[in-house]
Amino acid sequence: MAETHEHPPVVIVGAGVAGLTLGNILLRNGIGCVVLEKRSRAYVDQRQRAGAIDSFGVGVIRRWGLGEVLEGDPIPQNEGGFFIDGRPMPMDIEHDEDDGMFVPQHVLVRNLTDAFLAEGGDLRHEALDVTLQDLDSGHPTVRYRDPDGTAHAITCDFLAGADGFHGVSRASIPADVLTEYSYDYGYSWLTVWAAAATDPAGMAIHERGLAGMIPRGADATRIYLQCPGDDTPEQWPDARIWSELEARFGTTVTSGEILSKQVVPLRSSVFDPMSHGKLFLLGDAAHIVPPMSAKGIHLALHDTDVFARAVLARIQKDDASLLESYSADCLRHIWNYQAFATWITDLMHNAGDTSYEGEFRKQVARAEMTRLFASPTANKLFGELTAGTN
């Protein structure tokens, strides 16, 4: 079967938050692009992933004129609070213009997809066996095939790799070009998707381990339970999940049907540089943060914002300086929020569970938690980092 050939300015690999936001920005600024996604539209639309949009992320979306994609019953991000040994300690976090919110990630992706297609965007699901070639040349090539076997070759000016931590984009960069900085926290979370009202909402610090109940809709809750790294989902039957939540929150918990559960080791990772030739990495393809920090979407949208400005400057003004500094510009911001992610993750776990760092670290973490609630200065900094405005 003959291979088809095309030449758009930009090819985006991955139709998640970063890829689709970038596609919408480029399209609305007159830059042609093709978005490739290996999964089907039906799969992507229902794929459940955690993710909070902080004030910074909301601002990025609105500044690029994409505010309509935030619709869909968003939940205020400050809903809920902290529970320490069963005692509620609500904490107000200031957000610019009350912009912090939870929008279920699958809802955001679906809205971004609809917006892209409504503008005439070229989005190709079920793009299989994607390979990236000639990254160091002036015009790299992306090859893939359709489910029916039709082969495609797309030559472009710029490649955006937004296909996640395990995607083909970063794997296409020679190993000796990249440096990976990683940190394993030594514990895992049982992450649960439940069809249940979120009551109570928030994070619970307890000697049995950290717990979280985060609203994802009127009757949808994302549940987190700290567990040993070698635990399996089979060790957590539904009844145990609900009883453990009640023990750690110290109150009655509204239960419901558990739809899925998995054990996720907590780790951080950063790859440097975030570009190679004409390939630029965005989002989880370049870095991951533990879910405690709720900064995955924040960093993905920051990368997208920086890259979109760089591409527009190069194509519209023949100014390549922002592309040349893309990796360095992003990494400065990424390390700031990796520092936040490491601090808040260790703090919240050490404040409850002594099995990793001991009683001394628990008492130090408790003192630091008290300062967060008692000191306006500490609270202000925590609010800036939580909102993504620091």
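Look a little higher up for the structure.
Residues numbered from 1 in each chain as written. Predicted model: local features only at pLDDT ≥ 70, side-chain atom pairs only at ≥ 80, totals over all residues. Heavy atoms only, no water.

(A) Summary view of the environment of K261. Mapped onto the elements, K261 comes out in strand β17 (residues 257-272). Considering only alpha carbons, one finds K261 and D85, 176 residues apart in sequence, at a separation of 25 Å. Excluding residues within four positions of it along the chain, K261 makes contact with L190, T191, V192, P233, W236, P237, D238 and I241. Within the local environment of K261, its side chain forms a polar contact with the backbone oxygen of W236, the two atoms lying 2.7 Å apart. Reaching out from K261, the side chain makes a polar contact with the side chain of D238 at a distance of 2.9 Å. (Helix = DSSP H or I, 4+ residues; strand = E, 2+ residues; numbered from the N terminus. Contact = heavy atoms within 4.5 Å. Polar contact = N/O pair within 3.5 Å; in protein donor to acceptor, adjacent residues only side chain to side chain.)

(B) Molecular detail of helix α3 (residues 55-63). The element α3 is extensively covered by neighbouring structure, given that seven of its nine residues are classed as buried. Among the residues of α3, S55, F56, G57, V58, G59, V60 and I61 are the ones counted as buried. Just downstream of α3, G65 is the residue with a positive phi angle, here 80°. (Buried < 20%, exposed > 50% of the residue type's maximum accessible area, 1.4 Å probe, protein only.)

(C) Looking closely at the pairing of strand β3 (residues 33-37). Most of β3 sits inside the fold, with five of its five residues counted as buried. Burial along β3 is two-sided: the face carrying C33, V35 and E37 and the face carrying V34 and L36 are both buried. Judged from the four bridges that link them, strand β2 (residues 10-13) and β3 form a sheet pairing that is parallel. Its bridge partner being in β3, V11 is matched across the sheet by V34. Since β2 and β3 lie parallel, the crossover through helix α1 (residues 17-28) that links them has a hand, and here it is right-handed. Two elements, β3 and strand β8 (residues 122-125), share four bridges in a ladder whose sense is parallel. From the neighbouring strand, L36 faces β8, where its bridge partner is R124. (Pairing = 2+ DSSP bridges. Right-handed = clockwise from strand over helix to strand, strands pointing away.)

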